[in-house]
Amino acid sequence: MILSMEQALKYSEEHNPDLINSRMSMERYEQNLIAQKASLKSRFSLNLEPISYSQSRQFDNRFSDWYTNRSLSSSGTFSISQPIIWTDATLSLNNNLSWQNNESSVGGTTNSNKGFNNRLYLSLSQPIFTYNRTKMNLRQIEMNYENARISYALQLLNVGRNITSQFYSLFTAQQNLEISESELENAEKNFNIIKDKVEADLVTKDEYYQAELNLAQSRSSLENQRVSLENSKDNFKQALGIPLDEDIIVVCDISAAPVFVDFEKALESATTTRLELRQRQISREQQEMSMIQVKDNDSFSGNISLSVGVMGDDPEFPHIYDNPTNNPRVAISFSVPIFDWGARKARIRAAQIERQ
């Protein structure tokens with residue numbers, strides 16, 4: 001495999017394990033954000049109970065007598081639910097249509113009722129004295145996605161820097177190996193020349209021994225460069241995500257181009273565009289939201305429920321609403337914690353320590 005710098009960088013974007021992991025994390029948070037935004041739209045649901053049959057014998061305290069009840073029914077509920085992000089409320093429209101055949105036997109007398117029943121109502125549930133969970137959940141997922149994108153960008157830069165460094169290390173090792181091969185070739189030629197001169201008694205044996213030593217050093221240097229080259233290849237293949245049994249060669253055209261850097265402009269760019277600074281801001285915002293959630297645990301809260309609708313029943317389906325009944329409902333509920341043995345205080349203190 002012959003690689004240039006551009007090819008190595010492109011290959012690493014698709015095969016580097018760290019980049020793959022970071023990209024998958026970013027895609028996971030992206031899908032979570034898409035799902036959260038979709039959940040803020042109207043939700044349609046249909047629940048069906050095609051058939052239900054029961055028979056029971058119970059004691060009626062009012063008449064001090066036992067009675068047997070048999071019931072056969074079928075029902076379905078269609079709902080449209082719309083979360084309201086501005087107030088954390090939920091507005092829903094529900095329609096329940098059912099059919100039943102009910103019989104009760106008391107003291108030899110049987111009473112029965114067979115017919116249709118339909119309930120159509122609009123309801124609103126509004127939490128009070130608490131934070132807006134819908135808006136905060138959306139904000140948390142948005143920040144998680146943004147943080148994942150920043151992490152991927154930083155990982156991409158880090159891998160690019162690492163690939164560039166190892167690319168030139170491998171290229172240097174290749175060049176050093178070629179130099180060592182040339183040095184060995186020259187040392188062998190020089191050794192053969194000195195050997196011939198010694199045999200002709202033109203030089204002393206000291207020069208022969210020195211040439212033999214130089215030849216051994218050149219061979220040793222060549223072996224060291226081969227080992228260094230293989231190590232550089234393994235490191236480079238590991239950084240790229242290439243199988244270790246694959247052989248590679250890097251090629252490049254080295255040229256130096258001067259780059260002029262203005263100190264003031266570089267400092268301004270670093271303080272305004274550094275991705276790590278934005279990550280710190282996201283971390284601080286997440287800690288603030290975590291503190292809000294911790295403080296809300298076991299705290300005073302309430303809920304307002306409103307419901308208005310009509311109900312109709314009749315043995316014949318077309319006449320269900322001949323005599324409708326209004327079904328308004330208003331409810332206010334509160335959750336008042338009394339004593340939790342210091343659990344809430346400890347959680348708040350733990351969150352404060354984490355912020356420091």
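For the structure itself, consult the block above.
Residues numbered from 1 in each chain as written. Predicted model: local features only at pLDDT ≥ 70, side-chain atom pairs only at ≥ 80, totals over all residues. Heavy atoms only, no water.

1. Looking at the overall build of the chain
Across its full length, the chain carries seven helices and nine strands. Taken over the C-alpha trace, the chain has a radius of gyration of 40 Å; the compact-globule value for 356 residues is 21 Å, which it surpasses by more than 25%. Looking at the 356 residues of the chain, the share that counts as buried comes to 26%. Long-range pairs, those at least 24 residues apart, make up 72% of the contacts in the chain with a sequence separation of at least 6. As displayed, the chain offers around 24,200 Å² of accessible surface, 52% of which is attributable to carbon and sulfur atoms. A distance of 11 Å separates the average location of the 36 positive side-chain charges in the chain from that of its 45 negative side-chain charges. (Helix = DSSP H or I, 4+ residues; strand = E, 2+ residues; numbered from the N terminus. Rg over C-alpha atoms; globule rule 2.2 N^0.38 Å. Buried < 20%, exposed > 50% of the residue type's maximum accessible area, 1.4 Å probe, protein only. Contact = heavy atoms within 4.5 Å. Areas by Shrake-Rupley, 256 points an atom, 1.4 Å probe, with all protein chains shown as cover. Lys, Arg positive; Asp, Glu negative; His and termini not counted. Charge placed at Lys NZ, Arg CZ, Asp CG, Glu CD.)

2. Things to note about helix H1 (residues 5–15)
Along H1, the residues that are buried comprise Met5, Ala8, Tyr11 and Ser12. All buried residues of H1 project into a common sector of 125° when viewed along the axis, lining one side. Across H1 from its buried face, at more than 90 degrees, point the exposed residues Glu6 and Lys10. Where H1 is buried, its residues contact strand S1 (2–3), helix H2 (17–39), helix H3 (133–199) and helix H4 (205–240). (Arc of directions from axis to C-beta.)

3. A word on the packing of helix H6 (residues 275–296) against helix H7 (residues 343–355)
Direction vectors running N to C along H6 and H7 enclose 175°, while the axes themselves pass 9 Å from each other. What the angle tells us is that H6 and H7 run roughly antiparallel. On H7, the residues touching Gln287, Glu288, Met291, Val294 and Lys295 of H6 are Arg344, Arg347, Ile348, Ala351, Gln352, Glu354 and Arg355. Here the residues of the contact of H6 with H7 sort into four nonpolar, two polar and six charged. (Axes fitted to C-alpha atoms, helices over the stretch in contact; angles between N-to-C directions. Parallel < 35°, antiparallel > 145°, perpendicular 65-115°, else oblique. Nonpolar A, V, L, I, M, F, W, Y, C, P; charged D, E, K, R; others polar.)

4. A look at unusual backbone geometry
Residues other than glycine seldom take positive phi values, yet Phe129 does so here, at roughly 60°. Counting through the fold element by element, Phe129 comes out in the loop between strand S5 (109–128) and H3. On the basis of relative accessible area, Phe129 is assigned to the exposed category, the value being 53%. The backbone of Asp298 shows a phi angle near 55°, a positive value even though the residue is not glycine.

5. Some points on the pairing of S5
Bridge count for strand S4 (residues 89–106) against S5 is 17 bridges, and the pairing is antiparallel. The residue bridging Leu97 from the neighbouring strand is Asn118, located in S5. Once S4 ends, the chain turns through two residues before running back antiparallel as S5, passing Gly107 with a positive phi of about 55°. As defined by bridge partners, S5 adjoins strand S7 (residues 301–314) across 13 bridges and the pair is classed as antiparallel. Bridge assignment links Tyr121 to a residue of S7, and that residue is Gly309. (Pairing = 2+ DSSP bridges.)

6. With respect to the environment of Met136
Along the chain, Met136 turns up in helix H3. Sequence-distant contacts of Met136, defined by excluding residues within four places in its chain, comprise Tyr131, Met289, Ile292 and Gln293.

7. Quick look at a nonpolar patch on the surface
A cluster of nonpolar side chains, contributed by Leu91, Leu93, Leu120, Leu122, Val308 and Tyr321, occupies part of the molecular surface with about 470 Å² of accessible area. Contributions of two or more residues to the nonpolar patch are made by S4 and S5. Looking at the element boundaries, Leu91 is found in strand S4. (Patch = residues over 30% accessible without salt bridge, like charges linked within 9 Å, V, L, I, M, F, W, Y side chains within 5 Å. Salt bridge = Lys/Arg side-chain N within 4 Å of Asp/Glu carboxyl O.)

8. Some thoughts on the pairing of S4
Across 18 bridges, strand S3 (residues 65–84) lies against S4 in antiparallel orientation. Across the sheet, residue Asn69 finds its bridge partner in S4, namely Ser104. With antiparallel pairing between neighbouring strands as the criterion, S3 and S4 make up a hairpin whose turn holds four residues, including Asp88 at a positive phi of roughly 65°.

9. Concerning the packing of H1 against H3
When two helices pack together, their arrangement is given by the angle between the helix axes and by the axis-to-axis distance. The geometry of H1 relative to H3 is characterised by a closest axis approach of 10 Å and an angle of 140° between their N-to-C directions. Relative to H3, the element H1 is oriented oblique. Relative to H3, the crossing made by H1 is right-handed. Contacts between H1 and H3 involve Met5, Ala8, Leu9, Ser12 and Glu13 from the former and Leu156, Val159, Gly160, Ile163, Thr164, Phe167 and Tyr168 from the latter. Considered class by class, the residues forming the contact of H1 with H3 number eight nonpolar, three polar and one charged. (Left-handed = near helix turned anticlockwise from the far one by under 90°.)

10. Looking at the pattern of salt bridges
Under the counting rule described, the total for this entry stands at twelve salt bridges. Taking the shortest distance from any N to any O, the salt bridge between Glu103 and Arg70 comes out at 3.5 Å. Linking Glu103 in strand S4 with Arg70 in strand S3, this pair joins segments that are 33 residues apart in sequence. We classify Glu103 as partly exposed; its relative accessible area is 27%. When the shortest N-O distance is used, the salt bridge between Glu276 and Arg274 registers 3.1 Å. Look at Arg274 and you get partly exposed, because its relative accessible area is 45%. Members of the salt-bridge network, linked through shared partners, are Arg139, Glu142, Glu146, Arg278 and Glu285.

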